[in-house]
Amino acid sequence: MNWKFWQKNNDTAPKKKKTKSREWFDAVLFAVIAATVIRVFFIEAYTIPTGSMEKSLLIGDFLFVSKVNYGARIPMTPVAFPFAHHTMPVTGTKAYYDGIQWKYRRLPGMQDIKRNDVVVFNFPDGDTVALEAQDRDYYDMVRSVGRQAIQSQYTIVSRPVDKRENYIKRCIGISGDILSMSNGLVTINGKAEPMKNTGQIDYLVKFKTSDVNFQVFEEMGFVIDRDISAVSQDSYNFVGTPVMMDKVKKLDFVASVVTRTAAPGAAEPNVFPQDPNRKWNADNWGPIQVPKKGWTVKLDSVSMPLYQRAISIYEGNKVEKVAGGWLINGVKTDSYTFKMDYYWMMGDNRHNSLDSRYWGFVPEDHIVGKALFIWMSYDTNGSFFSKIRWGRLFNGIH
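Conventions used here
- Residues numbered from 1 in each chain as written.
- Predicted model: local features only at pLDDT ≥ 70, side-chain atom pairs only at ≥ 80, totals over all residues.
- Heavy atoms only, no water.
- 1 Å grid on protein atoms, 1.4 Å probe; cavity = no way out; pocket = protein on both sides within 12 Å on 5 of 7 lines; lining within 4 Å.
- Points joined across faces, edges and corners; volume = space filled by probe spheres on them.
- Helix = DSSP H or I, 4+ residues; strand = E, 2+ residues; numbered from the N terminus.
- Salt bridge = Lys/Arg side-chain N within 4 Å of Asp/Glu carboxyl O.
- Buried < 20%, exposed > 50% of the residue type's maximum accessible area, 1.4 Å probe, protein only.
- Pairing = 2+ DSSP bridges.
- Axes fitted to C-alpha atoms, helices over the stretch in contact; angles between N-to-C directions.

### Focus: the layout of surface pockets
Quantified by volume, the largest pocket comes out at close to 670 Å³. Forming the walls of the largest pocket are 33 residues, and the residues nearest its centre are Tyr46, Pro49, Glu165, Asn166 and Tyr167. Elements represented by at least two residues in the lining of the largest pocket include exactly strand 1 (43-47), strand 4 (128-130) and strand 6 (166-173).

### Some thoughts on the pattern of salt bridges
All told, the structure shown has 17 salt bridges when counted by the stated rule. Asp246 is paired through a salt bridge with Lys249; the nearest N and O atoms lie 4.0 Å apart. In this pair, Asp246 and Lys249 both sit in helix 6 (residues 242-249), three residues apart, roughly one turn of the helix. For Asp246, a relative accessible area of 39% gives the class partly exposed. Measuring nitrogen to oxygen at the nearest pair gives 2.9 Å for the salt bridge that ties Asp355 to Arg357. Residue Asp355 is classed as buried on the basis of its relative accessible area, which comes to 0%. One salt-bridge network, in which partners are shared between bridges, spans Asp61, Asp379, Arg389 and Arg392.

### Digging into the sheet that holds strand 8 (residues 185-188)
Read from one edge to the other, the open sheet built from four strands follows the order 9-8-7-14, with strand pairing classed as antiparallel. Single-partner strands in this sheet number two, and they are strand 9 (191-193) and strand 14 (285-289). Across the sheet, the mean angle from the axis of one strand to that of its neighbour is 20 degrees, orientation sign disregarded. Across four bridges, the pairing between strand 7 (residues 178-182) and strand 8 is antiparallel. Considered in strand 8, the bridge of Ser180 is made with Thr187.

What follows is the structure in structure tokens.
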């Protein structure tokens, strides 16, 4: 019992005022924590670095990416420097500590990923990186010159899922879909899916005359030095959307417009799944079934080139080829049931995009978020007054 209850409580005594430096520290600490929470669980800024999504997204577009739509992913590498993705900006060292790894978990989202959503995700092949050539696919480099040559020339590092490079593409196929492509036309579950107004490929345009006013094409949305290049005296390669090329066809000085796609059977060694028994290229491939959680696939020489990386790397199993079959985690089996959903991503600029056609499926634990809208667009090649693309500001992404 307090026998001195009549005395004034010391808690009412005036508290010592914080110093200016302490106030600044508290303010900065609060701002960092608040910004980190917003960035991890709600919304994050993203910049378009390449032309793989033209005409939808341009180099220099600044986007906001929602973490809420598909459900925010709980950080899998929780100990990391704020605002740095995988590399410190000045020192070039790791911006995270991978000694602590959390299991993949995701908060409930407002929607599932749908076909044609524009999605930001971690690069699936980014688990291994050559530091001096981070803009190149490590596995493609190994296929080109051999693992030993790459490891002797570059510093090779591995990265956790959530610290792999961020990519942005359009979701062409969701889990369970059966996809194929013939002469540049995608088929999904037996139904042909022509490119939308934003999808573009190469066309061979032949003119009736060599005297052509190319300003006409600029008015249609073509960039002369980027989208149009000479093939011969009267023929040019155009990169454009179906809508743009329909306008080109109607010009009275145009003789013909023909799509330029690789011939069926003309194998490209770097096209997924890099299987010599599949004569596939970027314009002709499939059919491929996108894995779905709970789907069981038979393991044989036909399926394993497609699914071995997903089973071993993405789902964390030890896979071994033995006489008469396969071992998964030391147990002989002839089938495997997937634990995650997967997706097939492609760029709108079909002939200038590193996407699922080269590295395959995107697992659900690699999904970062849904692209919402452009909050800034900056053209480095523009003149002083036109560097900002004012017409693109606050445009939604469809």
